[in-house]
Amino acid sequence: MSAQIHTAADSEATVALTRNKLVLEQARAVGLLGSAKNTRLSGRVSSELIDAAKKRAHVRSDTELLELALSRLALEDDFGARLVKRKGSIHSDIDLGI
């Protein structure tokens, strides 16, 4: 049983690290990340929130966490909102084959 748990944790970490890498690469590609770090961000949040976010994202430093979180937010698409707006836009007489 512990081998399965260890394997699941390894798999989760691998997926998270791959996802993080892709997000940061995309942010770099559109010019959001670069060599210049010219802005300082400061705020007060609970240590539990930071610890949970770092654990979930599989990052260790506050800077990594901030870059990843801000990149995800900046690159986020509006698929959910667009999908909800389409509610009721398909006529009921269309055969969807279901």
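Every value quoted in this text rests on a predicted model; they were computed, and no experiment measured them.

Peer 1: Help me understand the pattern of salt bridges in this model?
Peer 2: Where charged atoms from two side chains of opposite charge come close, those side chains can pair. Applying the stated rule across the entire model yields four salt bridges. In this structure, Lys21 engages Glu25 in a salt bridge whose closest nitrogen and oxygen atoms are separated by 3.9 Å. On the criterion of helical spacing, the pair formed by Lys21 and Glu25 is a turn pair, its members being four residues apart in helix H1 (residues 2–29). The closest approach of N and O atoms between Asp62 and Lys54, which form a salt bridge, is 2.7 Å. For Asp62, a relative accessible area of 45% translates into the label partly exposed.

Peer 1: I keep staring at the nonpolar core and nothing clicks. Help me out?
Peer 2: Generally speaking, a soluble globular protein has its nonpolar side chains buried in company with each other. Core analysis: the biggest nonpolar cluster contains eight residues, these being Val23, Leu24, Ala27, Leu33, Ala57, Val59, Leu65 and Leu68. Secondary-structure elements contributing two or more residues to this core are H1 and helix H3 (62–75). The greatest single-element share of this core, amounting to three residues, is contributed by H1.

Peer 1: Even after reading the chapter, I still don't get the layout of surface pockets, so can you show me in this structure?
Peer 2: In this approach, a probe sized like a water molecule rolls over the atoms, and the result shows the empty space that is left. If you add up the space inside the largest pocket, you get close to 570 Å³. Contributing to the lining of the largest pocket are 16 residues, with Lys37, Thr39, Leu66, Glu67 and Leu70 lying nearest its centre. Counted by class, the lining of the largest pocket contains seven nonpolar, five polar and four charged residues. In this structure, the second largest pocket encloses a volume near 320 Å³. Around the second largest pocket, the lining comprises 13 residues; the ones closest to its centre are Leu41, Gly43, Val45, Ile50 and Leu66. Counting residues per element, the ones that place at least two in the lining of the second largest pocket are helix H2 (47–57) and H3. Residue contributions to the lining of the second largest pocket peak at five residues, all from H3. Residue classes in the lining of the second largest pocket are distributed as nine nonpolar, two polar and two charged.

Calculation rules
- Residues numbered from 1 in each chain as written.
- Predicted model: local features only at pLDDT ≥ 70, side-chain atom pairs only at ≥ 80, totals over all residues.
- Heavy atoms only, no water.
- Salt bridge = Lys/Arg side-chain N within 4 Å of Asp/Glu carboxyl O.
- Helix = DSSP H or I, 4+ residues; strand = E, 2+ residues; numbered from the N terminus.
- Buried < 20%, exposed > 50% of the residue type's maximum accessible area, 1.4 Å probe, protein only.
- Core = buried A, V, L, I, M, F, W, Y, C linked by side-chain atoms within 4.5 Å.
- 1 Å grid on protein atoms, 1.4 Å probe; cavity = no way out; pocket = protein on both sides within 12 Å on 5 of 7 lines; lining within 4 Å.
- Points joined across faces, edges and corners; volume = space filled by probe spheres on them.
- Nonpolar A, V, L, I, M, F, W, Y, C, P; charged D, E, K, R; others polar.

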